[in-house]
Amino acid sequence: MANKTQEIGGIHFPFPFTPYSIQKDFMAKLYQVLEAGKIGIFESPTGTGKSLSLICGALSWLRDFEQKKCQEEARLLEAGTAPLNDGKNQPPFVSYSCQGTPGTLRPAAEPDWVTQFVQKKKERDLVEQLKKEQIRRKKREERLQQLRHNTQFKYAAKRERQEEEETECLLRLSRDTLAAGSEAELLEGLAPGEEELVLSEYESEEEKGAASGLDEDENEDDLEEEHITKIYYCSRTHSQLAQFVHEVQKSPFGKDTRLVTLGSRQNLCINEDVKHLGFVQLINDRCMELQRSRHESKSRAEDKESKKRRQEPRAACPFYKYRQLQLLRDEVLLEVMDIEQLVMLGKEAGACPYYGSRFAIPAAQLVVLPYQMLLHTATRQAAGIQLQGQVVIIDEAHNLIDTITGIHSTEVSGSQLCQAHSQLLQYMERYRKRLKAKNLMYIKQILYLLEKFVTTLGGNIKQNPNTQSLSQTGTELKTINDFLFQSQIDNINLFKVRRYCEKSMVSRKLFGFTERYGAVLATPHEQPRLAGFQHFLQSLQPGLTEDPTPPVQVGTARAPRPASPLMHIEGFLAALTTANQDGRVILSRQGSLSQSSLKFLLLNPAVPFAQVVKECRAVVIAGGTMQPVSDFREQLLACAGVEAERLVEFSCGHVIPPDNILPLVICRGPSNQQLEFTYLRRELPHVMDETGRILCNLCNVVPGGVICFFPSYEYQHQVHAHWDKSGLLARLSIRKKIFQEPKRADQVERVLTEYSRCIEVRAGTQALGSDIGGWQLKTFGPSFGWFLQCHGQAGGTVTGALLLSVVGGKMSEGINFSDNLGRCVVMVGMPYPNIKSPELQEKMAYLDQTLPRSPGQAPPGKALVENLCMKAVNQSIGRAIRHQKDFASIVLLDQRYTRPSVLAKLPAWIRDRIEVKATFGPAFAALRKFHHNKSSLS
């Protein structure tokens, strides 16, 4: 596939083939948004080449931006070599960057020569800075060229790494031999290896003053570089990111772009001792602990002489070494690779892929990362991501608001609160004499918080939560301040407690404590004081004996335990530091304390998103179905401080011909029953029967696959059971083999595989024999072509498959039902969210209070409910049309779809072609004609 450069408006866009006209428009508008530093909302239906348009449009802008920057730097450096008193031909770049703001007045007493001196000094400083940047850039390019063209250098580095590993192995064996031969004394009262469970002395930020914590090694300073202007691309899942990376590899920019794929430690860690912990928080804490051990090794060595008793040295991560990380960083920048390729390269290089990719961020041109890493402030900072002056592209952003809300909302159960309190209390009793006063103070504060949380729920911290019945049940919503006052914790500085939890890693220590001793631990003289808590903690963890669990011996295999409950509670404590008006606390009392919970709900997603918008040069929010856009405009961007003139909206049509899609709204069924699937009517037997009759008629005229979406799993199962009793299921199975979407994610692939086997396959598409394992190629009339068919139980010939799916389920997002896999999509009813949900009610009330109400429009809260419904509908019906030659019908079964406000929220390419059918007869005739004509042509 030859690359073709398209010139649009004087801008050259390299493209792997001749683009569609909508792709040209997309790239041109994207270029304008990035150049002008605006916020763009881009909608391009799936199948229109959105990913490739994003890649070629954004990287074309970055190419031109870098060229302009280099030209201006060259002019500035040339001007900087001229005599300082020659200021005639100053380039525009200098006046823009260095001179004062226009309109500012110089102090009256300041002489001209002072002003000129200050101005010239700024210019000299800027020139020096540019020279340093050029030197760094030249060094980086030389390293990459050396790696690219000199394979001997790469092999030499690998040989050096192998020699270092062999040397390290010999040193380790020597240390083990010496340790075995000498009688090393252990700290009094602690078992071997138990010392690392004791909290280190803690100093708050105020006590440290200007100290910045651990000093970084000089080598790490060498690894860090100046951040260049780059593009951050993020999407929801790692599979979507991998697909985007593969598109970059195939694009004209695939060989020249420095791309870095980021992921969590859970995805990138190659240290098996850390990775086997399983839980994200445990892996993060253990990794940071290993880095701390590496930094503390020098101080331990210096203090060793003053210690009378020898201690076991803490292990450091073997994959965190300067030479290996430097090589991995450069190899990451050398070639575009996805996260799996990055992990393989890290294993081959013996270097950590997590830190290797992180150190490659400054010099990268394109950084690919998941939503959470960009949208969560603490995670973004930990990954070394700097957004100042950068470009951010958020793809698959239809659920961006829900994603931000979910990332910053958290829930803890009564059982977790009680368990964390008991574990922490035992930990404090065990190590009371070894903990410093500051640690004891904060631990007591955390214990007090846990106790008050349980009391607020109506329970007793000293009793088993599983057997505690609450006198008051139901759901109660509180503002953050009201919750703090009711819990009697308003006198505690939660910001300091949060910082203590982060710095001391107390939850990690507590997890190690419970990992080592199970649920029960006590020395003989502590037994009387802890007997009650031991018995209680045993009741929380079934399967434990009444005898104290002995320490786990090194090398003993055991299943990984769940993460410490304190880790979840830390997130809740952090959420309570949110501004009072931006969140709510939901107290859910469910009979027993263990089933009850405290949940923090973020009401204003614009708060965490505002920092992204403020720092970035430009932000692009893109997706296949972004309608209705009003949510992004009002809830997210306007509340984040984005002015109307900075916002740009772009929506393009589909690449398919107008007659390749038939969207219908059907108001009545075959027996003239009104179709309105409200919560009260949808469970009526005659409504479910009418739905079944509609599908029977559709399956008779629609070839291949039919996907039918229901509002919920419960309703899908209820309808399926009713059809089974009434005989409608048997009638359906004559023409289509019936599949149901499973709730479990691990069963989805199996169902999809079996579903696809029942779908038509055109002659010659695959090399199939006449009889393949019970499946046969047969003709079904001259108009329907060749079909891959299976035989139904009723003795008829199955012409395809019917997939009963759920809106918001696994099949409604990320699955492509292209061609014969999805010739018809049926939407049963309107999937409104549960209006009785306390979270939704609070969100509606919040929007009604904070957002202005437009004349003639529904209140913001009511509009939210309809928008949530239509977003789900748009995602589901977009599963079918996936490329230019694809065709499908879309059937909306509910008369409420005829409302103008509802029709306006459908994607434009569907809305412009939709037909409303008041009765079933004309709708059926249109469907039969559409599929007959399309199947004849194909």
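As the structure is a prediction and not an experimental result, all values here were calculated from the model.

Basis of the calculations
- Residues numbered from 1 in each chain as written.
- Predicted model: local features only at pLDDT ≥ 70, side-chain atom pairs only at ≥ 80, totals over all residues.
- Heavy atoms only, no water.
- Core = buried A, V, L, I, M, F, W, Y, C linked by side-chain atoms within 4.5 Å.
- Buried < 20%, exposed > 50% of the residue type's maximum accessible area, 1.4 Å probe, protein only.
- Contact = heavy atoms within 4.5 Å.
- 1 Å grid on protein atoms, 1.4 Å probe; cavity = no way out; pocket = protein on both sides within 12 Å on 5 of 7 lines; lining within 4 Å.
- Points joined across faces, edges and corners; volume = space filled by probe spheres on them.
- Helix = DSSP H or I, 4+ residues; strand = E, 2+ residues; numbered from the N terminus.
- Nonpolar A, V, L, I, M, F, W, Y, C, P; charged D, E, K, R; others polar.
- Polar contact = N/O pair within 3.5 Å; in protein donor to acceptor, adjacent residues only side chain to side chain.
- Pairing = 2+ DSSP bridges.
- Axes fitted to C-alpha atoms, helices over the stretch in contact; angles between N-to-C directions.
- Salt bridge = Lys/Arg side-chain N within 4 Å of Asp/Glu carboxyl O.
- Expected span 1.5 Å × (residues − 1).
- Phe/Tyr/Trp six-rings, centres within 6.5 Å; stacked < 30°, edge-to-face > 60°.
- Lys NZ or Arg CZ within 6 Å of the ring centre and 35° of its normal.
- Parallel < 35°, antiparallel > 145°, perpendicular 65-115°, else oblique.

S.K.: How do you make sense of the nonpolar core when you look at a structure like this?
M.R.: Nonpolar side chains in soluble globular proteins generally cluster together in the buried interior. If you look at the biggest cluster of nonpolar residues, it comprises 66 residues, and the most contacted ones within it are Ile394, Leu400 and Phe609. Filtering out sequence-adjacent residues up to four positions away, Ile394 remains in contact with Cys234, Tyr371, Leu374, Leu375, Leu400, Phe609, Val620, Ile621 and Ala622. If you look at the next biggest cluster of nonpolar residues, it comprises 50 residues, including Tyr427, Leu449, Leu484 and Val506.

S.K.: How should I be thinking about empty space enclosed by the protein in this particular structure?
M.R.: Empty space among the atoms becomes visible once a probe the size of a water molecule is rolled across them. For the structure shown, the criterion picks out seven cavities of 30 Å³ or more. The calculated volume of the largest cavity comes to roughly 120 Å³. Forming the boundary of the largest cavity are 15 residues, of which Cys269, Asn271, Cys287, Cys317 and Cys352 lie nearest the centre. Contributing elements (two or more residues each) for the lining of the largest cavity: α11 (280-303) and α14 (353-359). At four residues, α11 tops the list of elements feeding residues into the lining of the largest cavity. Taken together, the residues of the lining of the largest cavity sort by class into twelve nonpolar, two polar and one charged.

S.K.: Would you mind showing me how to read the side chain of Gln365 here?
M.R.: Structurally, Gln365 is set in the loop between α14 and β6 (366-370). A distance of 3.2 Å separates the side chain of Gln365 from the side chain of Glu66, its partner in a polar contact.

S.K.: Can you walk me through unusual backbone geometry in this structure?
M.R.: For residues besides glycine, phi is generally negative; the peptide bonds are generally trans as well. Between Gln627 and the following residue, Pro628, the backbone shows a cis peptide bond with an omega angle of -5°. Structurally, Pro628 is set in the loop between β12 (618-623) and α26 (630-638). Residue Glu396 is not a glycine yet carries a positive backbone phi of 50°. Tracing the backbone through its elements, the reader meets Glu396 in the loop between β7 (391-394) and α17 (400-407). Using a relative accessible area of 22% as the deciding quantity, one classes Glu396 as partly exposed. Even without being a glycine, Gln488 presents a positive backbone phi close to 60°. Within the secondary structure, Gln488 is located in the loop between α20 (480-486) and α21 (494-504).

S.K.: Explain the sheet that holds strand β4 (residues 231-235) to me, please; I cannot follow it from the model alone.
M.R.: What links the strands of a sheet is backbone hydrogen bonding, and the strands pair in either a parallel or an antiparallel sense. Overall, parallel pairing links the seven strands, which are arranged β5-β6-β4-β7-β12-β3-β13 in an open sheet. Each edge of the open sheet carries a strand with a single partner, namely β5 (259-261) and β13 (647-651). Taking the axes of each pair of neighbouring strands and ignoring which way they run, one obtains an average angle of 15° across the sheet.

S.K.: Even after reading the chapter, I still don't get the pattern of salt bridges, so can you show me in this structure?
M.R.: Where side chains of opposite charge bring their charged atoms close, a pairing between them can arise. Enumeration over the complete set of coordinates arrives at 21 salt bridges. Linking Lys50 and Asp395 is a salt bridge whose minimum nitrogen-to-oxygen distance equals 2.7 Å. On the criterion of sequence distance, the pair formed by Lys50 in helix α2 (residues 50-80) and Asp395 in the loop between β7 and α17 is long-range, its members being 345 residues apart. Taking relative accessible area as the criterion, Lys50 reaches 9% and is therefore assigned buried. Where salt bridges share partners, they join Lys50, Asp395 and Glu396 into one cluster.

S.K.: What is the right way to read helix α1 (residues 21-36) from this model?
M.R.: Since one α-helical turn is 3.6 residues long, residues separated by three or four positions face the same way. Across its 16 residues, α1 extends 23 Å between first and last C-alpha, which sits within 8% of the 22 Å expected from 1.5 Å per residue. For α1, every residue scored as buried is listed here: Ile22, Gln23, Phe26, Met27, Ala28, Leu30, Tyr31, Val33 and Leu34. One or two residues past the end of α1 sits Gly37, with phi positive at roughly 70°.

S.K.: Explanation requested: the sheet that holds strand β23 (residues 888-893) in the structure shown.
M.R.: On the basis of which strands lie adjacent, the open sheet formed by seven strands has the order β16-β21-β15-β22-β23-β14-β24 and parallel pairing. One side of each edge strand has no neighbouring strand; the edge strands of this open sheet are β16 (736-740) and β24 (915-917). The sheet shows a mean angle of 20° between the axes of neighbouring strands, taken without regard to direction. Looking at chain direction, strand β22 (residues 824-828) and β23 are connected through five bridges and run parallel. Within the sheet, the bridge partner assigned to Val828 lies in β23 and is Leu893. Packed on one face of the sheet, helix α28 (residues 713-726) meets β15 (704-710), β16, β21 (800-806) and β22 and runs near 135° to β21.

S.K.: Sorry, what's going on with the packing of aromatic side chains here?
M.R.: One pair of aromatic rings is described through two measures. These are the centre distance and the angle between the planes. Throughout the structure, instances matching the rule amount to 24 aromatic pairs. Seen in terms of ring centroids, Phe42 and Phe650 are 5.4 Å apart; in terms of plane orientation they differ by 40°. Their pairing is tilted. With Phe42 in strand β3 (residues 39-43) and Phe650 in strand β13, the pair connects residues that are 608 residues apart, well separated along the chain. Each member of the pair, Phe42 as well as Phe650, carries the same accessibility label: buried. Taking the centre distance of 5.6 Å and the plane angle of 90° together, the rings of Tyr427 and Phe513 count as edge-to-face. Placement of the pair is Tyr427 in helix α18 (residues 414-431) and Phe513 in helix α22 (residues 506-517), with a sequence separation of 86 residues. One exposure class covers both Tyr427 and Phe513, and it is buried. Here the aromatic cluster, defined as three or more aromatic residues joined through ring pairs, consists of Tyr320, Tyr354, Tyr355 and Phe359. The ring of Tyr715 carries the charged tip of Arg682 above its face, separated from the ring centre by 4.9 Å.

S.K.: Explanation requested: the packing of helix α27 (residues 685-701) against α28 in the structure shown.
M.R.: Each pair of packed helices gets described by two things: the angle between the helix axes and the distance between those axes. Two numbers describe how α27 lies on α28: the axes approach to 10 Å, and their chain directions differ by 80°. Taken together, the axes of α27 and α28 are roughly perpendicular relative to one another. Residues Pro685, Met688, Asp689, Thr691, Gly692 and Leu695 of α27 lie in contact with α28, whose contacting residues are Tyr715, Gln718, Val719, His722, Trp723 and Ser726.

S.K.: I keep staring at the pairing of β21 and nothing clicks. Help me out?
M.R.: Note on strand geometry: in a regular strand, side chains alternate between the two faces of the sheet. Burial runs high along β21: seven of the seven residues are buried. Residue alternation in β21 divides its side chains into two sets, Gly800, Leu802, Leu804 and Val806 and Ala801, Leu803 and Ser805, and both sets are buried. Bridge analysis of β15 against β21 gives seven bridges, and the strand direction is parallel. Its bridge partner lying in β21, Phe709 is registered against Ser805. Relative to β21, β16 runs parallel, the two being bridged by five bridges. When the sheet's bridge partners are listed, Lys736 is paired in β21 with Gly800.

Just geometry here; none of it tells us what the structure is for.
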